[in-house]
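Report on the structure
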Amino acid sequence: MTAEERQELLRRLPKIDELVEKVRAQSDLTPLSEVMLKDLCRKEVEKVRQTIKRGESVTEERIEDHILRQVKERIENLTDFRLRRVINATGVILHTNLGRAPLGKKIVKKITEIAGGYSNLEFDLEKGERGLRYDHVRGLLQILTGAEDGCVVNNNAAAVLIALETMAKGREVIVSRGELIEIGGEFRIPEVMEKSGAILKEVGTTNRTHLWDYEKAIGPETALLLKVHPSNYRIVGFTNEVSIEELVHLGKRTSIPVMYDLGSGNLIDLKRYHLLDEPTVQSVVAAGADIVTCSGDKLLGGPQAGIILGRKDLIAGIMRNPLNRALRIDKLTLIALEATLKEYLNPEGARQEIPVLKILSEPVKEVKKRALLICRRLQKRRGNKINVHLWPGKSLVGGGSLPGQELETILLQIELPGLTSSQLSVKLRQLPVPIIPRVEEDCVLLDIRTIQEEDIEPLVSGLCSLIQN
Ligand SMILES: *Cc1c(COP(=O)(O)O)cnc(C)c1O
């Protein structure tokens, strides 16, 4: 590009006010204020100006049309909802990237009912004075887990952080080397420990730790014995870990509190559903752990939250910690958590109302029924234009829970003529209700286990819309 051509292009850049006028004229659905719209236009014009100055060609079309289109795209990006409902067809039940636990309908209804108005979040209706937000779930936590007391924070990472900070800041915490885990997303026990100001004292080896390892490490600076559930992996083979019972015994003998970071927050005996054994919160509390922490949105199946259970005096200390203000649970979460916990008062009911439990415990023959229903609906709408096959397969629990647990499932393989599996995946993600499939060996598979009843209609419409007559 010659210097003159560049000058000519720069001269043709539209004036901001004119551009704003044109955007307004072309789309009546611009909710943006004058200031915001001007700002967007200015930025887009500036981008093009810089491109021209670098001597790069801008666009085939007229510069003004190009900028207009860019501005309109930016407006759409801002006005369309970015955070959206998707259909989880991956078969990973607690999918960290897809929002972990979906909430039950009754629970969502409670949120809309309460959160739209004022509430007694921190108001004691009986006494007519200030109340504690934690009191709304305290009684439920006590009865469901058997713990003396309980409180809740933003998530389990926060629960671990505040518990360590309260009980062990500047002092030593003894942990087995086999339990120095990373959960993903920056949660690593040694690093959380450091942030809390506690001093990590690791004992034992990666695969074997014995009670005497803890015993030998105890000294005047020991504040806490910490056990961590290695949630997302399993050590097999020549191994030894010290049970929570043994640790509690040692803690009692030496007057050192014992904390168990349990991770998943499982409240029901999963063996009933022929799943791998996973310690329940109740069993760990009953074993005598002084503090137990777990997540609200893993196997518990509720909202993102951190649940802290245990001795009254320790819980009181944690609630008084100024960090609690920074980590405190939000109103929406608290409503969802109270509603979720209430379902557990009747475990069979919980299985119906809490999607994670339902998905986890659903017999494969029910999954198959749903798969056949989807196939029938597809055929009814599209004849044989869409290629589908059903295969038996395995779903995963995910979310750092029950590693190695496979659940029988049905996979629906879809093919569209002329599209590779990655092209088809892109199309699925672009649907009004995006479908996130599983791609294995170049096949696009929809795992029916994680596809819920209310997903069927948008799923079928979405798939049908991909086929041009
Ligand atoms: C998942 C997990 C955490 C982190 O919990 P979040 O609720 O994701 O913050 C901490 N510890 C263990 C053992 C876990 O499994």
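Along each chain, residues carry numbers from 1 onward, in the same order as the chain's sequence is written. Reporting in this predicted model follows two pLDDT cut-offs: at least 70 for local features of residues, and 80 or more for side-chain atom pairs to be given and counted; totals over whole chains, interfaces and linings ignore these cut-offs and use all residues. Processing note: side-chain calculations cover all non-hydrogen atoms of the structure and skip hydrogens and water entirely.

1. Some words on the packing of helix H7 (residues 156-168) against helix H8 (residues 189-196)
- Angles run from 0 to 180 degrees between N-to-C directions of axes, and those axes are lines fitted to C-alpha atoms, restricted for helices to the stretch in contact. Every helix listed is a DSSP run of H or I at least four residues long, and every strand listed is a run of E at least two residues long, numbered separately from the N terminus. Interhelical geometry of H7 versus H8 gives an angle of 50° and a closest axis separation of 8 Å. It follows from the interaxial angle that H7 and H8 lie oblique. The two elements H7 and H8 cross, and the hand of that crossing is right-handed. Across from Val160, Leu161, Leu164 and Glu165 in H7, the residues of H8 making contact are Val192, Met193, Lys195 and Ser196.
- Each residue receives one of three labels: charged for Asp, Glu, Lys and Arg, nonpolar for Ala, Val, Leu, Ile, Met, Phe, Trp, Tyr, Cys and Pro, and polar for the others, Gly being one of them. In terms of residue class, the contact of H7 with H8 is made up of 5 nonpolar, 1 polar and 2 charged. In what follows, roughly perpendicular refers to angles from 65 to 115 degrees, roughly parallel to angles under 35, roughly antiparallel to angles over 145, and oblique to any angle outside these ranges. It is the rotation of the near helix from the far one that decides the hand of a crossing: anticlockwise by less than a right angle makes it left-handed, clockwise makes it right-handed. The criterion used for residue contact is that any of the two residues' heavy atoms lie within 4.5 Å.

2. Overview of the domain arrangement of the protein chain
- As annotated, the domain borders come from an automatic or database domain assignment. Looking at the protein chain, the domain boundaries give domain 1 (3-79), domain 2 (87-94 + 360-465) and domain 3 (105-353).
- A straight line from the C-alpha centre of domain 1 to that of domain 3 covers 53 Å.

3. Quick word on the side chain of Thr280
- As for its placement among the helices and strands, Thr280 is situated in the loop between strand S11 (258-263) and helix H11 (281-286).
- Apart from the residues lying within four places of it in its own chain, the contact partners of Thr280 are Leu262, Asn266, Leu267, Ile268 and Asp269.

4. Re the pairing of strand S18 (residues 443-447)
- Most of S18 sits inside the fold, with 4 of its 5 residues counted as buried.
- Note on pairing: DSSP must find at least two bridges between two strands before they are called paired. Here strand S15 (residues 406-415) runs beside S18; their pairing, made up of 4 bridges, is antiparallel. Residue pairing in the sheet places Ile414 in a bridge with Val444 of S18.
- Between strand S17 (residues 438-440) and S18, which follow one another and run antiparallel, lie 2 residues, and Glu441 among them has a positive phi close to 45°. Relative accessibility thresholds used throughout: buried, under 20% of the residue-type maximum; exposed, over 50%; partly exposed, between the two (1.4 Å probe, protein chains only).

5. Regarding the pairing of strand S6 (residues 172-176)
- Most of S6 is tucked away, with 5 of its 5 residues classed as buried.
- Here S6 shows a buried face lined by Glu172, Ile174 and Ser176 and a second buried face lined by Val173 and Val175.
- Bridge count for S6 against strand S9 (residues 199-203) is 5 bridges, and the pairing is parallel. Among the inter-strand pairings, Ser176 is bridged to a residue of S9, identified as Val203.
- Sheet topology places S6 next to strand S10 (residues 222-228); 3 bridges connect them, and they run parallel. Looking across to S10, one finds that Glu172 is bridged to Thr222.

6. Some points on H8
- Every buried residue belonging to H8 is among Ile189, Val192, Met193 and Ser196, and all of these are buried. Viewed along the axis of H8, the buried residues span an arc of 105°, placing them on a single side of the element. Seen from the open side of H8, the exposed residues pointing more than 90 degrees away from its buried face are Glu194 and Lys195.
- On its buried face, H8 is in contact with H7, S6, strand S8 (187-188), S9, S10 and S11.
- Note on H8: the residue one or two positions beyond its end, Gly197, has a positive phi of about 85°. When we speak of the arc, we mean the arc of directions from the helix axis to the C-beta atoms.

7. A short note on the sheet that holds S17
- Strand order in the open sheet made by the 5 strands is S2-S14-S15-S18-S17, with mixed pairing throughout. Strands with a single pairing partner mark the edges of an open sheet, and in this sheet they are strand S2 (92-94) and S17. Neighbour-to-neighbour, the strand axes of this sheet turn through a mean angle of 40°, independent of strand direction.
- Taken together, the 10 bridges between strand S14 (residues 387-398) and S15 define a ladder with antiparallel strand orientation. Within S15, the position partnered with Asn387 by the bridge is Glu415.
- Of the strands in this sheet, S15, S17 and S18 touch helix H18 (residues 421-429), which is tilted by about 40° from S18.

8. As for the site of the ligand
- Any residue with a heavy atom positioned within 4 Å of a molecule or strand is treated as near that molecule or strand. The environment of the ligand is formed by 14 residues, the closest being Arg100, Ser231, Asp261, Ser295 and Lys298.
- Contacts to the ligand include Ser295, whose side-chain N or O atom sits 2.5 Å from an oxygen atom.
- A distance of 2.7 Å separates an oxygen atom of the ligand from a polar atom in the side chain of Lys298.
- Against a free-state accessible area of 380 Å², the protein chains account for coverage of 95% of the ligand. We define a polar contact as two N or O atoms separated by no more than 3.5 Å, with the added condition that, inside protein, one atom must be a possible hydrogen donor and the other a possible acceptor, whereas residues neighbouring each other in sequence contribute only through side-chain atom pairs. A 1.4 Å probe and the Shrake-Rupley method give the accessible areas. Residues count as covered only by the protein chains that appear here.

9. What about the sheet that holds S10?
- In space, the 7 strands of this open sheet follow the order S5-S13-S12-S11-S10-S6-S9, with mixed pairing throughout. The open sheet terminates on both sides in strands that have one partner only, identified here as strand S5 (149-153) and S9. When the angles between neighbouring strand axes are averaged without regard to direction, this sheet yields 25°.
- Here S11 pairs with strand S12 (residues 291-295) via 4 bridges, running parallel. The residue bridging Gly263 from the neighbouring strand is Cys294, located in S12.

10. Description of the pattern of salt bridges
- What counts as a salt bridge is simple: a side-chain nitrogen of Lys or Arg found within 4 Å of a carboxyl oxygen of Asp or Glu. Counted according to the given criterion, the structure contains 40 salt bridges.
- The partner of Lys201 in a salt bridge is Glu172, and the shortest N-O contact between them spans 3.8 Å. Separated by 29 residues along the polypeptide, Lys201 in strand S9 and Glu172 in strand S6 bring together distant segments of the chain.
- Relative accessible area serves as the criterion here: at 30%, Lys201 is assigned to the partly exposed category.
- We note a salt bridge from Lys271 to Asp277, for which the minimum N-O separation is 4.0 Å.
- Among the ionic contacts, a cluster of salt bridges with common partners joins Glu122, Arg130, Arg133 and Arg328.

11. Considerations on the packing of aromatic side chains
- A pair of aromatic rings is counted whenever rings of Phe, Tyr or Trp (Trp by its six-membered ring) have centres within 6.5 Å, and the orientation is called stacked for planes under 30 degrees apart, edge-to-face for over 60 and tilted otherwise. By the definition in use, this model includes 0 aromatic pairs.
- Geometrically, a charge over a ring is one whose NZ (Lys) or CZ (Arg) sits within 6 Å of the ring centre while staying within 35 degrees of the ring normal. For the cation-ring pair, Arg208 lies above Phe238, with the distance from its terminal atom to the ring centre recorded as 3.8 Å.
- Looking at Lys227, its charged tip hangs above the ring of Tyr260, at a distance of 5.8 Å from the centre.

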